[in-house]
Amino acid sequence: MHRRQKPGAPEHKRDLAAHRGALSMSHNDTRSFFNLSQLVLSAGQLKSPPVLKHSKITYFEVEILDVQSKKQICIVDKVPPSSTLLDVKHKFHKACPQWYPSRVGLQLERNGPYLKDSINIQSLAVSSIITLYFTDLGQQVGWTTFFLTEYTGPLLIYLLFYIRLSSIYDKVESMKNFRHPVVHLACFCHCLHYIRHLLETLFVHKFSGGHTPLKNMIKGCAFYWGFTSWIAYYINHPRYTPPSFGHRQVAFAALAFLMCEAGNHFINVALAHQNHSGGKACFPSPTYNPFTWLFLLVSCPNYTYEVGSWISFTVMTQTLPVGIFAFLMVIQMSLWARKKHKLYLKRFYPEVGRSSPWSQEGPVCEVPAILPLICSMTSGTSFKVPPFWTLNTSRNGTSWTNKCVKIPLFSA
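Below: a short report on this structure.

Criteria and thresholds
Each chain has its residues counted from 1, running along the sequence as written. In view of the model being predicted, local features appear only for residues whose pLDDT reaches at least 70, and side-chain atom pairs are presented and counted only at 80 or more, with totals across whole chains, interfaces and linings using the full set of residues. Excluding hydrogens and water, the side-chain figures rest on all heavy atoms present in the structure. Disulfide assignment relies on a single distance test, namely cysteine sulfur atoms paired within 2.5 Å. Note on terminology: a nonpolar core comprises buried Ala, Val, Leu, Ile, Met, Phe, Trp, Tyr and Cys residues joined through side-chain atoms within 4.5 Å. For the exposure calls, accessible area comes from a 1.4 Å probe over protein chains only, and a residue counts as buried if that area is under 20% of its type's maximum, exposed if over 50%, partly exposed in between. Helix and strand definitions follow DSSP, with helices as H or I runs of at least four residues and strands as E runs of at least two, each counted in order from the N terminus. Whether two residues touch is decided by their heavy atoms; if any such pair falls within 4.5 Å, the residues are in contact. Aromatic rings from Phe, Tyr and Trp, with only the six-membered ring used for Trp, were paired whenever their centres fell within 6.5 Å, and each pair was classed as stacked if the ring planes differed by under 30 degrees, edge-to-face if by over 60, and tilted otherwise. Comment: the charge-over-ring label is applied if NZ (Lys) or CZ (Arg) is within 6 Å of the ring centre and within 35 degrees of the ring normal. The definitions used throughout rest on a 1 Å grid laid over the protein atoms alone, on which a cavity is an enclosed set of points accommodating a 1.4 Å probe that cannot get out and a pocket is an open set flanked by protein within 12 Å on both sides along at least five of seven lines; lining residues are those having an atom within 4 Å of a point. Grid points are joined across faces, edges and corners, and a volume is the space filled by probe spheres set on the points. Each residue gets one label: Ala, Val, Leu, Ile, Met, Phe, Trp, Tyr, Cys and Pro are nonpolar, Asp, Glu, Lys and Arg are charged, and the others, such as Gly, are polar. What makes two strands pair is DSSP finding at least two bridges between them. Angles run from 0 to 180 degrees between N-to-C directions of axes, and those axes are lines fitted to C-alpha atoms, restricted for helices to the stretch in contact. Angles below 35 degrees are treated as roughly parallel, those above 145 as roughly antiparallel, those between 65 and 115 as roughly perpendicular, and all remaining angles as oblique. Definition of a polar contact: a pair of N or O atoms within 3.5 Å, with one able to donate and the other able to accept a hydrogen when the atoms are protein atoms, and with sequence-neighbouring residues admitted only if both atoms are side-chain atoms.

Describing the state of the cysteines
Throughout the structure, instances matching the rule amount to 0 disulfides. Just so you know, C187 is unpaired, no disulfide at all, and the nearest cysteine sulfur is the one on C191, 4.1 Å from it.

Side note on the nonpolar core
If you look at the biggest cluster of nonpolar residues, it comprises 50 residues, and the most contacted ones within it are Y194, I235, W310, F313, M316 and F325. Only α3 (143–162), α5 (181–203), α6 (214–235), α7 (246–275), α8 (301–317) and α9 (320–348) provide two or more residues apiece to this core. Not counting residues up to four positions away in its chain, the partners in contact with F325 are Y194, F223, Y224, F227, I231 and W310. Grouped together as the second largest cluster of nonpolar side chains are 19 residues, V88, W99, V104 and L124 included.

Quick look at the packing of aromatic side chains
Scanning the entire structure with this criterion turns up 27 aromatic pairs. Pairing F146 with F147 gives two aromatic rings, centres 5.0 Å apart and planes at 90°, and the pair type is edge-to-face. A centroid spacing of 5.8 Å and a plane angle of 25° characterise the contact between F147 and Y151, whose relative ring orientation is stacked. Of the two residues, F147 and Y151 both sit in helix α3, 4 residues apart, roughly one turn of that helix. With respect to class, F147 is no different from Y151; both count as buried. The ring centre of Y162 lies 4.9 Å from the NZ or CZ of R179, which sits over that ring.

Quick word on empty space enclosed by the protein
Take a probe with the size of a water molecule and roll it over the atoms, and the empty space left behind shows itself. Applying the stated criterion to the full structure yields 1 cavity of 30 Å³ or more. Put simply, the largest cavity is a space of about 30 Å³. Taken together, H190, Y194, Y224, F227, T228, I231, W310 and F325 make up the lining of the largest cavity. Of all the secondary structure elements, the ones that give two or more residues to the lining of the largest cavity are α5 and α6. The element best represented in the lining of the largest cavity is α6, accounting for 4 residues. When grouped by side-chain class, the residues that make up the lining of the largest cavity number 6 nonpolar, 2 polar and no charged.

What to know about the side chain of H197
Turning to its location among the elements, H197 is positioned in helix α5. Taking the relative accessible area as the measure of exposure, H197 reaches 11% and is therefore buried. Setting aside anything within four residues of it in sequence, one finds H197 in contact with Y151 and E306.

Regarding the pairing of strand β2 (residues 72–79)
Pairing analysis gives 5 bridges linking strand β1 (residues 60–66) to β2, with the strands arranged antiparallel. Bridge pairing links V62 to V76 in β2. With antiparallel pairing between neighbouring strands as the criterion, β1 and β2 make up a hairpin whose turn holds 5 residues, including K70 at a positive phi of roughly 60°.

Concerning the packing of α6 against α9
As a packed pair, α6 and α9 sit with axes 9 Å apart at the nearest point and diverge in direction by 150°. What the angle tells us is that α6 and α9 run roughly antiparallel. Contacts between α6 and α9 involve F223, Y224, F227, W230, I231, Y234 and I235 from the first element and P321, V322, I324, F325, L328 and M329 from the second. Taken together, the residues of the contact of α6 with α9 break down into 13 nonpolar, no polar and no charged.

Considerations on the environment of S312
As for its position among the elements, S312 is in helix α8. Owing to a relative accessible area of 8%, S312 belongs among the buried residues under this scheme. The sequence separation of S312 and L258 amounts to 54 residues, and the corresponding C-alpha distance is 9.1 Å. When residues no more than four places from it in sequence are discounted, the contact partners of S312 are A253, A256 and F257. At a separation of 2.8 Å, a polar atom in the side chain of S312 contacts the main-chain carbonyl oxygen of G308.

See the structure below:
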């Protein structure tokens, strides 16, 4: 029989060490797992790290710097994303009470345009901190106050000259009772003109700009009040002589004046109705009223009627001051009409004023597109825009497309 051999001492020790090592490793693993379990249970449920890509900014901080020195004026914090720039101006006014919201001008860049009050603050944000540049616009007045002050002055000043105050004219000559009928008619027409302006300011016009600098009102009042004094002094002077062609000239001019005043009023009413009717925005168009049919020729008939009123008043009174005033009004109304005409084209027909002659399909050649802007600078009459014959070049071939845009060619 074979006897079982006992392992040698070295091998026996090596087996015991391996067994103890295995038991030690098993005990350490169990202990580590137990500690890890206790840590997890005490810490709570494991959460994944937040994803910054989908995080939303709840508030913005608006840093306002001085436009000249670039020094920080204040920081408007906790601005909700739904806030407008006007809300920021109100908070800025609370921090700096010396600057009212109406006289605060804010810009994204130092040489950039002033931002509108209605703009949403979130549309300006690149990060949670928005930097704006502040400019003090000076003391401001509302547009309603501006026009009421500007038009009330001429109305009262003309009446002071009409009653022939002794402090203005010679007392002996002022006592003469006889006045030519054109003097009374001129007073009626002049007062009618400015009363219409005052009533339209109160009940027709809707001003969206909010405010304007006080210096603009001072300049406007100086212009209208000064010319009214000069005009009224000559027309109501005791030595005033009637027009050369007598009653025919006066009657014709007075009729033209009244027609222009009526046309101006109906145009303003039509513009106010189209701007606030809630319908789809479109280029101003004529209505059933014959006085609005001038929209078929010009884009700003109210300026055309205004110029016609003063030209008619010049023919009716036949005085040099009225003629100079009418000439200046032609220049001013032409500048305003050109500006508004460009705004109309940019708002309702952006394809007319786009600078690039290329479309997505290929090169586009619009032959008469620049014609309206050139002609509006050189003439005061207006015609329709000719059809836009557009050459479209694409992979499918070349074709001509007739794009007829029915908009006035000239501004006024």
